[in-house]
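Summary of the model geometry
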Amino acid sequence: MSDPELDAFLAGDRLDHVALFLTDDYLDDDGTLAEYGTAVEDGVVLVVPGEKGRQLFSAGTGMDAMAFAKEAMGTEGDIDHGLTGGACPDCGEGVAFVLAFAEARNEEVGGIYAEGDVIHAYAACPDGTAFSDRWVVADA
């Protein structure tokens, strides 16, 4: 199932939004979080304005979004550019959840930021390993 909000986010058209993927294991029992997103295989994807996204991430995982992102930045891994999968760099398992945001092209910063909008994705493996990936929107 295609999600127009996720498609727009992945195209760099929702720079003020946060994207979340939560597996079924991380969805709350009463299904409240699922109401905000689109059902996908093994979970739900949500694309919502930044602050609301951080609140929903915290509600769904019990973690502070920015603290999690900071922890995940320390380990590089592979996260699916559709944000619904990936491979843990420690054990090769899939992901339990993903948090992502997009950053506008910034030629002054250089590197990949000069090439186009950049997706920053942070994921956790079911064993708890936090890792990150980033890519230029045009490369996705």
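Going by the structure above, here's the rest.
This text gives an overview of the structure that appears in the document. (Residues numbered from 1 in each chain as written. Predicted model: local features only at pLDDT ≥ 70, side-chain atom pairs only at ≥ 80, totals over all residues. Heavy atoms only, no water.)

**Some words on the pairing of strand β6 (residues 97–103)**
Counting buried positions over the seven residues of β6 gives five, a clear majority of the element. When strand β1 (residues 17–23) meets β6, the two strands line up antiparallel, connected through five bridges. Bridge pairing links Val18 to Phe101 in β6. In this structure, β6 lies alongside strand β7 (residues 118–124), joined through seven bridges in antiparallel fashion. (Buried < 20%, exposed > 50% of the residue type's maximum accessible area, 1.4 Å probe, protein only. Helix = DSSP H or I, 4+ residues; strand = E, 2+ residues; numbered from the N terminus. Pairing = 2+ DSSP bridges.)

**Observations regarding the nonpolar core**
In terms of nonpolar packing, the biggest core is built from 21 residues, with Phe9, Leu83 and Val98 touching the most fellow members. Only α1 (4–10), β1, β3 (43–49), β6, β7 and β8 (130–136) provide two or more residues apiece to this core. Residue contacts for Phe9: discarding those within four places in its chain leaves Arg14, His17, Val18, Ala19, Val47, Leu83, Ala100, Phe101, Ala102 and Ile119. (Core = buried A, V, L, I, M, F, W, Y, C linked by side-chain atoms within 4.5 Å. Contact = heavy atoms within 4.5 Å.)

**Let's talk about the layout of surface pockets**
Gaps left between atoms are located by rolling a probe of water-molecule size over the structure's atoms. The space that makes up the largest pocket amounts to roughly 160 Å³. Sorting the residues of the lining of the largest pocket by element identifies β7 and β8 as the ones contributing at least two each. Here the element with the most residues in the lining of the largest pocket is β8; it accounts for three residues. Of the residues assigned to the lining of the largest pocket, the class counts are two nonpolar, two polar and three charged. (1 Å grid on protein atoms, 1.4 Å probe; cavity = no way out; pocket = protein on both sides within 12 Å on 5 of 7 lines; lining within 4 Å. Points joined across faces, edges and corners; volume = space filled by probe spheres on them. Nonpolar A, V, L, I, M, F, W, Y, C, P; charged D, E, K, R; others polar.)

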